[in-house]
Amino acid sequence: MMRKATAFFLAILMIALTVCTGNTKMPVESGVSDSMTIGGTDDMLDTTPTSEETETTYPTPSMNPVELVFTYEDLDDNNSYTFILDEEPTSNSSFVMRVTTRREMRILLNGTEIVLCDAGISDRFEDLSAHVFLLKKGENTITIPESRGSNMSITMIITPADYFDDATMIVNTDGGYIMEDGLFGVNAEITRKGYFGGLSAEMLNNRKFLMGERGVDGWTCTKAERITDRPQESLCNSNFVVLKDGGSMKQCSDVIALQAGREYEAKVWVKAYSTTAEITFGVSGMEQSFTVTSDEYPYKVLTFTFTGKDVENGTFLVTVNGEAAVYEVSLMPTENFYGMRIDVIESLRALAPTSIRYPGGCFADHYEWRECLKAPEFRTPVDGTIKNFMLRDTYGQDPLDIGINEFMMLCREIGAEPEFTVSILQSDGADARDLIEYCNGSADTEFGSIRQSLGYNAFNIKTWYVGNEVYYFGAQYQNNGAAAAMRTSEIVNAMRTVDPDIAVILGVVADNNLQKWSFDYIANLTCDYELVSYHRYNGSAPNAEPDGKTACDNLESSFRNDSDAGLEFFKNQLFKGVFDTTCICVDEWNFCWGSGSNNALLFSNALEFHFFARTSEKYHIREARFFMPINEGMITVTGTESKVESSGELFRLMANHRGGKVIECTSEEEDLDILCTQHDGYLFVSIVNRGATPYRLNVEGYTASDCTEIRVNEFSFFSNDYDILTGDDATVGGHSVLFVRLTPMT
């Protein structure tokens, strides 16, 4: 039995409404009456023709799932249709409608209005579980107040909670290939809430005051002047703020979240302009004051530690009596790991990624690796406003608190292989050579000795990406694949003079309008490379709610044929004749970037990972990197908590396939998407249920055990409602994912 108790009765109600403007009436399915009991002893439907004189009858219900179809013609004079439930649904019953109308539609369920298709999107699931309490035992009525035309059809399906269709799986242990370990990497780009509000222990946004037009972004200031023309005066070559005569600046944020009994450290970097200045700073109610005198030193660091109280949406303040420059500020828990949150690191450790890519992605084109050899307070913050999607949660800036040294400590801490991206916009051959010498060179080299002086042994980074989406954001190289190839070759060849054993990954694109760029790029390369980069997102642009809903609706049919147009272009055109020696790294994949955890993302990611594993031989997919684990799917971070979400659990559970041989496993049920690996003495199987019908799985000759299901309670881009169920019962709910161990019967 599953650990979580199931409902005594689960009502799954899916209503598909097709609305047309024509006058032709749709045929009535077997003469369905305008009042019908859900569940007949022999037939799915009561097919008795009806007329106004016919007495309404309610056949005896059964516990089998029933599908009922009625049309506009079957509605009564009040535009209503009546049906009977033989049991009252429990509070956690599922209630789903499928709608096929491009206009907003209202219905009345037992007199209460429900709005369907409120975004005007056709043919999509609407989860109405919040309204399940409106359903009742006995007679129920659906009313459609506004006519949608005579060509309207409604399909209604009700399934009891304890009912599962039986599904038989057939295993073929002949042939197969070993699951690629490289599929279990992640891409941890510095972007959005991945670092500030995520991995970083820093709690203050825009803490080096880089961004702002009239004021300072993220800060409310009084009696303050923002200085933008003297960056050399700042520690980090940034803008700064002068406060005087009681002037203050404050920031309120949900990232400023304290816990009672925990120790924190507050810091400011200041310089007194007046003879003396009293500077008070800290979290509201826990501030401390310092007196600073004017002197010849460029700045002073004021710092104190304090024991926190429980605070949500806290406020950090800096107040100056007198006059002083405030160059930067900081607030973080004293218990951190190289400026990173311990709890987020533990969540990453739970995922057990084989590798982590850094610093991007798009951020690589703005990353100055030499800046990261300085202490964090001296690093010049990054201005990323040219790509408004990249740092949208931090006012277009990043303080570079987590640089290459900190990244390497993270990888060593969780046991992941580090991977680094070199920008062809920021680097040339000489710069790239210095970078790889810093990372991999011995202590007797120029940059290797600098690394050693900072206390780090050689990083030995073996995987290097050269360029990222140059065809989209490559400035002078964006429309010139040949020039991009020449700069790429210069960089790669220079890097190999320091470390000839590195693995190089280069990026091309399959978009129809950019395929010429890819051909020109490949044709003009004069360097060796090991893998080709491919980016694949299965969803739509974030922040576009209707698009998100459309993408969710299309998910059920995605990856059905184990084929991908972009990879087909690689195989049959771009690398035709040499594809046998070409290997692919899908170094960005997810439902979409910029979205938090949700059930559509889980569903998509499960299907996409299955696709990579099943086609790794067909398309030579040797590596894959989920983008981006923190606050974009796998791990949700709040001010005081880090939680591994459903896609993180999916990633962790998929790792049970590692080391196994991918073999064929099929089912007659087309909605079951299956990945099976053969191990020593057992099979490990993951099943994604594309549809709403729950199934009980059977495999002849095998016993199921150690079952874990990620049960989706609402299949939606906008819901994160799921449960993790464990036991020995191999059942999988609608739009859910099951993992099961199969042992041969003796």
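Residues numbered from 1 in each chain as written. Predicted model: local features only at pLDDT ≥ 70, side-chain atom pairs only at ≥ 80, totals over all residues. Heavy atoms only, no water.

S.K.: Describe in detail the environment of Ala-458, supporting the description with residues and values.
M.R.: Tracing the chain through its elements places Ala-458 in the loop between helix H5 (446-453) and strand E25 (463-466). Look at Ala-458 and you get partly exposed, because its relative accessible area is 23%. Considering only alpha carbons, one finds Ala-458 and Cys-439, 19 residues apart in sequence, at a separation of 5.9 Å. Residues contacting Ala-458, with those up to four places away along its chain left out, are Arg-412, Cys-439, Asn-440, Gly-441, Arg-451 and Gln-452. (Helix = DSSP H or I, 4+ residues; strand = E, 2+ residues; numbered from the N terminus. Buried < 20%, exposed > 50% of the residue type's maximum accessible area, 1.4 Å probe, protein only. Contact = heavy atoms within 4.5 Å.)

S.K.: Which residues make up the pairing of strand E15 (residues 263-272), and what are the values?
M.R.: Taken across its 10 residues, E15 has 7 buried, putting it largely inside the fold. One ladder, built from 8 bridges, connects E15 with strand E18 (residues 300-307); its direction is antiparallel. Directly across from Ala-266, in E18, lies its bridge partner Phe-304. Pairing geometry for E15 and strand E20 (residues 323-333), over 9 bridges, is antiparallel. Residue pairing in the sheet places Val-268 in a bridge with Val-329 of E20. (Pairing = 2+ DSSP bridges.)

S.K.: Describe the packing of helix H2 (residues 342-351) against helix H3 (residues 404-414), listing the residues and the values that go with them.
M.R.: Interaxial distance between H2 and H3 falls to 10 Å at its minimum, and their mutual angle equals 50°. It follows that H2 is oblique to H3 by the angle criterion. Considering how the two elements wind past one another, H2 and H3 form a crossing that is right-handed. On H3, the residues touching Ile-345, Leu-348 and Arg-349 of H2 are Leu-410, Glu-413 and Ile-414. Residues of the contact of H2 with H3, tallied by class, amount to 4 nonpolar, no polar and 2 charged. (Axes fitted to C-alpha atoms, helices over the stretch in contact; angles between N-to-C directions. Parallel < 35°, antiparallel > 145°, perpendicular 65-115°, else oblique. Left-handed = near helix turned anticlockwise from the far one by under 90°. Nonpolar A, V, L, I, M, F, W, Y, C, P; charged D, E, K, R; others polar.)

S.K.: Summarise the pairing of strand E26 (residues 503-507); cite the residues concerned and give the values.
M.R.: With 5 of its 5 residues buried, E26 lies for the most part within the structure. By the bridge criterion, 4 bridges tie E25 to E26 in an arrangement that is parallel. Each bridged residue has a counterpart across the sheet, and for Tyr-465 the counterpart in E26 is Ile-505. Taken together, the 3 bridges between E26 and strand E27 (residues 531-537) define a ladder with parallel strand orientation. Within the sheet, the bridge partner assigned to Leu-506 lies in E27 and is Val-532.

S.K.: Please give an account of the sheet that holds strand E21 (residues 355-358) that cites residues and values.
M.R.: Strand order in the closed barrel made by the 8 strands is E12-E21-E24-E25-E26-E27-E28-E29, with parallel pairing throughout. The average angle at which neighbouring strand axes cross in this sheet is 30°, direction not considered. Where helix H11 (residues 599-614) meets the sheet, its contacts fall on E27, strand E28 (584-590) and strand E29 (621-627), and the angle it forms with E28 comes to roughly 170°.

S.K.: Quick rundown of the packing of helix H4 (residues 429-440) against helix H7 (residues 481-498)? Include the residues and the values.
M.R.: Relative to each other, H4 and H7 sit at 35°, their axes nearing to 8 Å. Crossing angle aside, the handedness with which H4 passes H7 is right-handed. For the pair formed by H4 and H7, the contact residues are Gly-429, Ala-432, Arg-433, Ile-436 and Glu-437 on the first element and Glu-490, Ile-491, Ala-494, Met-495, Thr-497 and Val-498 on the second. Taken together, the residues of the contact of H4 with H7 sort by class into 6 nonpolar, 2 polar and 3 charged.

S.K.: Got a sec to walk through helix H12 (residues 646-654)? Specific residues and values, please.
M.R.: H12 sits mainly inside the fold: 8 of its 9 residues count as buried. Among the residues making up H12, those that are buried are Ser-646, Ser-647, Gly-648, Glu-649, Leu-650, Phe-651, Leu-653 and Met-654.

S.K.: Give a detailed account of the packing of aromatic side chains, specifying residues and quantitative values.
M.R.: Counted according to the given criterion, the structure contains 43 aromatic pairs. Arranged with centres 5.5 Å apart and planes meeting at 20°, the rings of Phe-281 and Phe-290 form a pair that is stacked. Given the relative accessible area of 0%, Phe-281 is considered buried. With relative accessibility at 21%, the residue Phe-290 sits in the partly exposed group. One aromatic cluster is present, built from ring pairs that chain together Phe-184, Phe-559, Trp-589, Phe-609, Phe-611, Phe-612, Tyr-619, Phe-626 and Phe-651. (Phe/Tyr/Trp six-rings, centres within 6.5 Å; stacked < 30°, edge-to-face > 60°.)

S.K.: I'd like to hear about the sheet that holds strand E33 (residues 672-679), residue by residue, with values.
M.R.: Taken in spatial order, the 9 strands make up an open sheet running E37-E36-E39-E34-E33-E32-E11-E35-E38, and their pairing is mixed. Both edges of this open sheet fall to strand E37 (722-727) and strand E38 (731-732), since each of them pairs with a single strand only. With 7 bridges connecting them, strand E36 (residues 702-712) and strand E39 (residues 737-744) associate as antiparallel partners. The residue of E39 that forms the bridge with Thr-703 is Thr-743. Along the sheet face, H11 touches strand E11 (165-178), strand E32 (661-667), E33, strand E34 (682-689), E36, E37 and E39 and points at about 50° away from the line of E33.

S.K.: Can you lay out the nonpolar core for me, pointing to particular residues and giving the numbers?
M.R.: Grouped together as the largest cluster of nonpolar side chains are 121 residues, with contacts concentrated most on Leu-199, Trp-464 and Phe-570. Of all the elements, H11 adds the most residues to this core, at 10 residues. Sequence-distant contacts of Leu-199, defined by excluding residues within four places in its chain, comprise Gly-194, Met-340, Arg-341, Val-344, Ile-345, Leu-348, Ile-402, Leu-410 and Ile-630. If you look at the next biggest cluster of nonpolar residues, it comprises 34 residues, including Met-203, Val-241, Ile-256 and Leu-302. (Core = buried A, V, L, I, M, F, W, Y, C linked by side-chain atoms within 4.5 Å.)

S.K.: Let's hear about unusual backbone geometry: which residues, and what values?
M.R.: Between Tyr-358 and Pro-359 the backbone carries a cis peptide bond, its omega angle lying at -5°. Cis rather than trans, the peptide bond between Gly-360 and Gly-361 has omega equal to 10°. Among the secondary structure elements, Gly-361 is positioned in the loop between E21 and strand E22 (382-383). Positive phi, normally seen in glycine, also occurs at Asp-245, with a value near 55°. On the secondary structure map, Asp-245 appears in strand E14 (residues 240-253). Positive phi, normally seen in glycine, also occurs at Asp-706, with a value near 50°. With respect to the element layout, Asp-706 can be found in strand E36.

S.K.: Go over the confidence of the model for the chain with me, naming the residues and quoting the values.
M.R.: Summing up the model confidence of the chain, the mean pLDDT is 87 and the portion of residues at 70 or higher is 84%. Contacts for the low-pLDDT stretch residues 1-63, under 50 throughout, to residues beyond four places or in other chains number 179 contacts. Scored below 50 in pLDDT, residues 118-123 shows 19 contacts in the model against residues more than four places distant or in partner chains. (pLDDT = per-residue confidence, 0-100.)

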